[in-house]
Amino acid sequence: KQKTAYEITRWLEFRRVLFRSKIELAQKKSIRNITNNSRFEHTEAIFKSLGIMPFRTLLSYSQSLLTHSIYHKYSPRSLHNIWTVNRIRLDNQDVLLRNAEDLYVPFARTDQCKLLPFFSFPKFWNNLHIQKFTPNPITFKIAIKEFYLN
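Worth saying up front: this structure is predicted, and the values here are computed from it rather than measured.

Enquirer: Would you mind going over the overall build of the protein with me for this structure?
Expert: Within the protein, the secondary structure is distributed over 7 helices and 0 strands. The linear arrangement of helices and strands in the protein, starting from the amino end, is α-α-α-α-α-α-α. Split into buried and exposed, the 150 residues of the protein put 29% on the buried side. Counted over contacts in the protein with a minimum sequence separation of 6, partners at least 24 positions apart contribute 48%. When the accessible surface of the protein is summed, it comes to about 11200 Å², and 58% of that surface belongs to carbon and sulfur atoms.

If you want it as structure tokens, here you go:
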């Protein structure tokens, strides 16, 4: 029996979520063991007190660093110009728009396409409200780490 593309993408999404939740459970279990807390203890406060990011936050942190490196062009050359800035795409530099420096988010035909990095990273970057326009990677790294830990 041949599977449709929808069934395959749903299966892949299920596997991705299952894998992520297994990692999160293992991380929470180990942080409780390290701090000698009971298995019913909430881990959010433990992570904050130790200055460790939970797995989901770590994914967002890595995504922020990668997108910052692409935006400010200190990533490998093969990643340059994946996304364009709205100002350049619209080719209208006379009028200043509030989203002129945001990345252009391409149109995605399906919800599954919206999950792909090509579509999701620019949207994530545009919604990030910290010092994302600072070209210095060290300053950005410190600011983003402080943002996610607090």
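Enquirer: Just to check I follow, could you spell out the packing of helix H3 (residues 55-71) against helix H6 (residues 117-126) for this structure?
Expert: Contact geometry of H3 with H6 gives a least axis separation of 10 Å together with a crossing angle of 90°. Here H6 runs roughly perpendicular to H3, going by the angle between their axes. Residues Ser60, Gln63, Ser64, Leu66, Thr67, His68 and Tyr71 of H3 lie in contact with H6, whose contacting residues are Ser120, Phe121, Phe124 and Trp125. Of the residues contributing to the contact of H3 with H6, the split by class is 5 nonpolar, 6 polar and no charged.

Enquirer: I would appreciate a short explanation of the packing of aromatic side chains in the present structure.
Expert: In this description, a pair of aromatic rings is defined by centroid distance and the angle of the planes. According to the stated counting rule, one finds 6 aromatic pairs in the structure shown. Plain terms: the ring middles of Trp83 and Phe121 are 6.3 Å apart, the flat faces sit at 35° to each other, and that makes the pair tilted. Residue Trp83 is found in the loop between H3 and helix H4 (86-90), and its partner Phe121 is found in helix H6; the two are separated by 38 residues along the sequence. Given a relative accessible area of 11%, Trp83 falls into the buried group.

Enquirer: Honestly, the pattern of salt bridges in this entry has me stumped. Any pointers?
Expert: Opposite charge on two side chains allows them to pair when their charged atoms are near. Under the defined criterion, the tally for this structure stands at 2 salt bridges. In this structure, the salt-bridge partner of Glu24 is Arg56, at a minimum N-O distance of 2.6 Å. Here Glu24 is found in helix H1 (residues 5-35), whereas its partner Arg56 is found in helix H3, with 32 residues between them in sequence. Relative accessible area serves as the criterion here: at 13%, Glu24 is assigned to the buried category. Residue class for Arg56 comes out partly exposed when judged on its relative accessible area of 48%. Of the charged contacts, one joins Asp102 and Lys132 as a salt bridge, the two residues approaching to 3.9 Å between their closest N and O atoms.

Enquirer: Can you help me understand H6 in this one?
Expert: Residues lying three or four places apart along an α-helix face the same way, a consequence of the helix completing one turn every 3.6 residues. For H6, the set of buried residues is Phe119, Ser120, Phe121, Pro122, Trp125 and Asn126. Tucked into the core, H6 has its buried residues touching H3, helix H5 (111-114) and helix H7 (137-149).

Reading the values: the criteria
- Residues numbered from 1 in each chain as written.
- Predicted model: local features only at pLDDT ≥ 70, side-chain atom pairs only at ≥ 80, totals over all residues.
- Heavy atoms only, no water.
- Helix = DSSP H or I, 4+ residues; strand = E, 2+ residues; numbered from the N terminus.
- Buried < 20%, exposed > 50% of the residue type's maximum accessible area, 1.4 Å probe, protein only.
- Contact = heavy atoms within 4.5 Å.
- Areas by Shrake-Rupley, 256 points an atom, 1.4 Å probe, with all protein chains shown as cover.
- Axes fitted to C-alpha atoms, helices over the stretch in contact; angles between N-to-C directions.
- Parallel < 35°, antiparallel > 145°, perpendicular 65-115°, else oblique.
- Nonpolar A, V, L, I, M, F, W, Y, C, P; charged D, E, K, R; others polar.
- Phe/Tyr/Trp six-rings, centres within 6.5 Å; stacked < 30°, edge-to-face > 60°.
- Salt bridge = Lys/Arg side-chain N within 4 Å of Asp/Glu carboxyl O.

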